[in-house]
Amino acid sequence: MTLYAHITDGTIDQIGALPALWLGPTRWHDWRGDPETWATQPADWGWLPVTEVPRPADTETTTSDPAPVALIAGVPTQQWTVRPWTAEE
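No experiment lies behind these values; they were computed from the predicted model shown.

**Section: the sheet that holds strand E1 (residues 4-8)**
Thinking step 1. Taken in spatial order, the 3 strands line up as E2-E1-E5 in an open sheet, and their pairing is antiparallel. Looking at the sheet topology across the chains shown, the edges are occupied by strand E2 (11-16) and strand E5 (47-49). Sheet twist, expressed as the average angle between the axes of neighbouring strands with direction ignored, equals 35°.
Thinking step 2. Pairing analysis gives 5 bridges linking E1 to E2, with the strands arranged antiparallel. Its bridge partner being in E2, Tyr4 is matched across the sheet by Gly16.

Below is the structure:
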């Protein structure tokens, strides 16, 4: 499943699957059905696909956890937090 982020005024305000129905400023938009028929419409209303970034490789001293999606040069991008291994791990 592709994740999408909704951007308002340069800020991510929602992350998740693309909604089947979306209330734009003046009308409802129906994005159900064949994605090829509405491929550019979600972007027109602020819904952009989240760019996935590969998880950094574990090392002898660190591992990585998912971090919040961030806007990088206007593109919603998956982030990772590198942290030391815990004693339990």
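More follows now that the structure is in view.
**Quick look at the pairing of strand E7 (residues 75-84)**
Consecutive side chains of a regular strand alternate in pointing toward one face of the sheet and then the other.
Thinking step 1. By the bridge criterion, 9 bridges tie strand E6 (residues 62-72) to E7 in an arrangement that is antiparallel. From the neighbouring strand, Leu71 faces E7, where its bridge partner is Pro76.
Thinking step 2. Here E6 folds back onto E7 in antiparallel fashion, the turn holding 2 residues, of which Ala73 has a positive phi close to 50°.

About the criteria used
- Residues numbered from 1 in each chain as written.
- Predicted model: local features only at pLDDT ≥ 70, side-chain atom pairs only at ≥ 80, totals over all residues.
- Heavy atoms only, no water.
- Pairing = 2+ DSSP bridges.
- Helix = DSSP H or I, 4+ residues; strand = E, 2+ residues; numbered from the N terminus.
- Axes fitted to C-alpha atoms, helices over the stretch in contact; angles between N-to-C directions.

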